[in-house]
Amino acid sequence: MLNIHDTEKPDGVIVQFGGQTPLNLALPLKRLGVPIIGTDPDNIDLAEDRKLFGKLLDDLAIPCPANGTATSVEEACGVARAIGYPVLVRPSYVLGGRAMVIAHDEETVRQYMREAVTFSQERPVLVDRFLEDATEVDVDALADGDDVLIAGIMEHIEEAGVHSGDSSCVLPPQSLSEKTLRTIEDYTVRLAKSLHVIGLMNVQYAIQNGTVYVLEVNPRASRTVPYVSKATGVPLPKIAVGLMWGRKLKDYGYNSGILTVSQDFVKSPVFPFNKFHGVDPALGPEMRSTGEVMGVGVNFGEAFLKAQISAGSPLPEKGTVFISVNDHHKVEAVDVARRFADLGFKLVATRGTAAAIRTAGLQCRTVLKVNEGRPNAVDLLKGGSIQLAIYTTTGAPAFHDEKAIRRSAVMYRVPCITTMSGARAAADAVAARLRDPIRVWSLQEIHEGKKTVA
């Protein structure tokens, strides 16, 4: 980098478009005399440093999940006990959620600290309270030092705990209350101004029981910027560069506020599971997707359906749905099962889930687990008797039976959904497919008439 700078002698260097690595380099580069334009590296460091950022949130009275840091096994267990299980344990300074784990007990924390990571005083392990059954939200915003324009508030379809890069999300949000949206707008504006952001910023929130928590703030472009730009028809990167060179949002015809969209836009990840036979497709805090697609519809179901088709995971219009969920998800599974039954699907499930479904008055055939004999769920997948699988984990490390079923679904190209929120979205999508034809619009048609100052 320094060799390039010494040779080219640029008027300024932009670090907002390279992900996490340029942010880590921003402060050292500034100290070496490299001119960084946009958000000042000292403010980038404020957002990245756990203790400094925690103090900022306290000063702003913005809630975040209880957290702490640890440099030993005993210290990590002490932090986890203090903030309460379950906890998210992760190393410092990693990308893509690598080496993260959700720990439900002390033994998992001890095992993680002994085996998963190296740690030191300079690179402590981070321990955060994990917000169960929370809705995660991504926000992209532009700031010029005076005004803050919120480009998109994106509601994740998978619940908190799935890496944001692996979660589908929808713009505009579908289930957030007006009060929650106003709170998100308020927090985003205050964070952007406190961090003196010039250009792009991404904030990740979690909403649990009506409370909005800040998970992290990244004073840079996120992976969602291309998606939000296409959905809104506003070229966010182009405007961000102008702001870095001293222009204002007003120069582009914008003030503070929130951009609107004319239809529903769903971003879905693309996974490489079918290229790696034997891999477990269950989603978690470690990122596993290798790309993204976008679906557009006049309703959420249509947009999600088209996103799944584009991602190579088309949903069936008829057939049999296999359901097997942990006890925590039994009530939700009954609701999902009823929706698929109403759409004309047959139901099969493992013993506990089947009993819950039948108790609700629905017809459901019981299928054996892998360790219970044959024919079992894997045999049905192999024989083509199942067109959609819904299988949630137990929360503990996956048992052989769980992995075998999910791996078989991948091998035999049966869509496999591992979260209940994803299952509800799939039901919406199938209903939309049976109700409406697949419609196609170009971005030019969607945004006809929208103009931005050059």
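A short tour of the structure in this document, coming up. No experiment lies behind these values; they were computed from the predicted model shown. (Residues numbered from 1 in each chain as written. Predicted model: local features only at pLDDT ≥ 70, side-chain atom pairs only at ≥ 80, totals over all residues. Heavy atoms only, no water.)

Moving on to the overall build of the protein chain. Helix and strand content of the protein chain: 16 helices and 17 strands. For 454 residues, the compact-globule estimate of 2.2 N^0.38 gives 22 Å, and the C-alpha radius of gyration of the protein chain, at 23 Å, lies within 12% of that figure. Considering only C-alpha atoms, the protein chain reaches an extent of 70 × 60 × 45 Å along its principal axes. Taking all 454 residues of the protein chain together, 52% fall into the buried category. When contacts within the protein chain are restricted to residue pairs at least 6 apart in sequence, long-range pairs at least 24 apart make up 67% of them. Total accessible area on the protein chain is roughly 20,500 Å²; 52% of this is exposed by carbon and sulfur atoms. Taking the 49 positively charged and 53 negatively charged side chains of the protein chain as two groups, their mean positions are separated by 5 Å. (Helix = DSSP H or I, 4+ residues; strand = E, 2+ residues; numbered from the N terminus. Rg over C-alpha atoms; globule rule 2.2 N^0.38 Å. Buried < 20%, exposed > 50% of the residue type's maximum accessible area, 1.4 Å probe, protein only. Contact = heavy atoms within 4.5 Å. Areas by Shrake-Rupley, 256 points an atom, 1.4 Å probe, with all protein chains shown as cover. Lys, Arg positive; Asp, Glu negative; His and termini not counted. Charge placed at Lys NZ, Arg CZ, Asp CG, Glu CD.)

Taken together, the five strands give an open sheet; going across it, the order is E15-E14-E13-E16-E17, and neighbouring strands pair in parallel fashion. A strand with exactly one partner marks an edge of an open sheet, and here the two such strands are strand E15 (365-366) and strand E17 (416-417). Relative to strand E16 (residues 388-391), strand E13 (residues 320-324) is paired through four bridges, and the arrangement is parallel. Of the residues in E16, the one forming a bridge with Ile-323 is Ile-390. The sheet contacts of helix H12 (residues 351-359) involve E13, strand E14 (346-349) and E15, and relative to E14 the element is tilted by about 135°. (Pairing = 2+ DSSP bridges. Axes fitted to C-alpha atoms, helices over the stretch in contact; angles between N-to-C directions.)

Residues Ile-323, Phe-340, Leu-347 and Ile-357 are the most contacted members of the largest nonpolar core, which totals 34 residues. Among the elements of the structure, helix H10 (300-310), E13, helix H11 (330-342), E14, H12, E16 and helix H15 (420-435) are those that each provide at least two residues to this core. Ranked by residue count, the leading element in this core is H15, at seven residues. Setting aside residues no more than four positions away along its own chain, Phe-340 makes contact with Val-321, Phe-345, Leu-347, Leu-388, Ile-390, Ala-423, Ala-426, Ala-427 and Val-430. (Core = buried A, V, L, I, M, F, W, Y, C linked by side-chain atoms within 4.5 Å.)

Another aspect to go through is the packing of H11 against H12. Two elements in contact, H11 and H12, have axes separated by 9 Å at closest approach and are oriented at 60°. Along this stretch, H11 crosses H12, giving a crossing that reads as right-handed. Across from Lys-330, Val-334 and Ala-337 in H11, the residues of H12 making contact are Gly-352, Thr-353, Ala-356 and Ile-357. (Left-handed = near helix turned anticlockwise from the far one by under 90°.)

Moving on, we come to the sheet that holds strand E4 (residues 125-129). Spatial ordering of the open sheet is given by E1-E4-E2-E3, a layout of four strands whose pairing is antiparallel. Every interior strand has two partners, whereas the edge strands, strand E1 (67-70) and strand E3 (101-103), have only one. Geometrically, the sheet is characterised by an average inter-axis angle of 25° between neighbouring strands, direction not taken into account. Judged from the three bridges that link them, strand E2 (residues 87-91) and E3 form a sheet pairing that is antiparallel. In the strand pairing of E3, Leu-88 is matched with Ile-102. Contacts from helix H4 (residues 50-60) reach E1, E2 and E4 within the one sheet, and its direction differs from that of E1 by about 160°.

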